[in-house]
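Chain and residue survey
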Amino acid sequence: MASNTTDNSQQRPRQRNGPPPPRRHGRNPPPPRYQQTTPPPQATPQEKKKPVFVKVDQLKPGTSGHTLTVKVVDQTSVPQKPNAAASSHLRPNRISECLVGDETASILFTARNDQVDLMKPGATVNLRNAKIDMFKGSMRLAVDKWGRIEVTEPVEMSVKVDNNLSLVEYELVNVDE
């Protein structure tokens, strides 16, 4: 019974045309040598855009990248569930809900860990790169690791507490097209 496979031990090595390949220098070969042919382009400083401040009543569900100046009206600490077995190696999370707003509306802000210390009642803060999270159908304002909270000079601002955007309940509706 003849097979179509050939025995590799009886094949001759291939003949190469040209010079042999360069030898390797151990584990760390020398770095390649480059020659500079053109001068490097001059580095132009990138212009930073001025932040566009929005008012609280302009916030919509599922949006992000907001920059706004708000005043902290109230702060309520959220108690944590005692789940020591699952997160014994993690530091405990501190979460508080703060009612923040401006002269147009108010909204609940979720402050986490170090943010809790900055969000004291009566403080005026700039929220940069803030986003809207949905919690049980209502809007919450939050700043994650890509954003920033800056405490600023106190501003005389009367917060419109009766227009609380977190009290409006939203429902996710799928639209068939």
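Our structure is the block above this text.
The following refers to the structure shown. In this text the structure is predicted, and so the values were computed from the model without any measurement.

1. A closer look at the overall build of the protein
- What the protein contains, in helices and strands, is one helix and six strands.
- Along the chain direction, N to C, the helices and strands of the protein fall in the order β-β-β-α-β-β-β.
- Counting the 177 residues in the protein, one finds 26% classified as buried.
- Partitioning the intrachain contacts of the protein with sequence separation of at least 6 by distance along the chain shows that 65% fall at a separation of at least 24.
- When the accessible surface of the protein is summed, it comes to about 15,100 Å², and 51% of that surface belongs to carbon and sulfur atoms.

2. Overview of the nonpolar core
- Counting 22 residues, the largest nonpolar core has V56, V100, I107, F109, M119, L127 and L141 as its most contacted members.
- At the level of elements, strand 1 (64-78), strand 2 (95-101), strand 3 (106-112), strand 4 (124-135) and strand 5 (138-142) are the ones that each hand at least two residues to this core.
- Per-element tally for this core: the top contributor is strand 4, with four residues.
- With residues up to four places along the chain from it excluded, the contact list for F109 reads S96, E97, C98, V100, Q115, M119, L127, L141, A142, V143 and I149.

3. Some points on unusual backbone geometry
- One non-glycine residue with positive phi stands out, namely N113, at about 50°.
- Looking at where N113 falls in the secondary structure, it is placed in the loop between strand 3 and helix 1 (115-118).
- The backbone of N129 sits at a positive phi, close to 55°, despite the residue not being glycine.
- Tracing the backbone shows N129 in strand 4.

4. Side note on the side chain of H66
- The topology assignment puts H66 in strand 1.
- Of note is the side chain of H66, whose polar atom sits 2.7 Å from the side chain of T63.
- Those residues in contact with H66 that sit more than four places away from it in its chain are V54, L59, L127, R128, N129, A130 and I132.

5. Concerning a nonpolar patch on the surface
- On the surface, a cluster of nonpolar side chains totalling about 250 Å² of accessible area is made up of M134, V168 and Y170.
- Looking at the element boundaries, M134 is found in strand 4.
- Note on M134: relative accessible area 39%, which makes it partly exposed.

6. Observations concerning the environment of N163
- Take N163: it is sitting in the segment after strand 6 (148-151).
- Taking the C-alpha atoms as reference points, N163 and G101, 62 residues apart in sequence, are found 9.4 Å from one another.
- Here N163 is in contact with T104, A105 and S106, once residues within four sequence places are set aside.
- A polar contact is formed between the side chain of N163 and the backbone oxygen of T104, at a distance of 3.1 Å.

7. Some points on the pairing of strand 4
- Here strand 1 pairs with strand 4 via six bridges, running antiparallel. Bridged to V70 within strand 4 is V125.
- As paired elements, strand 4 and strand 6 share four bridges and run antiparallel to each other. Bridging from a neighbouring strand, R128 pairs with R148 of strand 6.

8. Structural notes on the side chain of T110
- For T110, the location among the structural elements is in strand 3.
- Classification of T110 as buried rests on a relative accessible area of 12%.
- Residues within four places of T110 in sequence aside, it is in contact with I95, S96, Q115, R140, L141 and A142.

Calculation criteria
Residues numbered from 1 in each chain as written. Predicted model: local features only at pLDDT ≥ 70, side-chain atom pairs only at ≥ 80, totals over all residues. Heavy atoms only, no water. Helix = DSSP H or I, 4+ residues; strand = E, 2+ residues; numbered from the N terminus. Buried < 20%, exposed > 50% of the residue type's maximum accessible area, 1.4 Å probe, protein only. Contact = heavy atoms within 4.5 Å. Areas by Shrake-Rupley, 256 points an atom, 1.4 Å probe, with all protein chains shown as cover. Core = buried A, V, L, I, M, F, W, Y, C linked by side-chain atoms within 4.5 Å. Polar contact = N/O pair within 3.5 Å; in protein donor to acceptor, adjacent residues only side chain to side chain. Patch = residues over 30% accessible without salt bridge, like charges linked within 9 Å, V, L, I, M, F, W, Y side chains within 5 Å. Salt bridge = Lys/Arg side-chain N within 4 Å of Asp/Glu carboxyl O. Pairing = 2+ DSSP bridges.

Keep in mind these values describe shape, not function.
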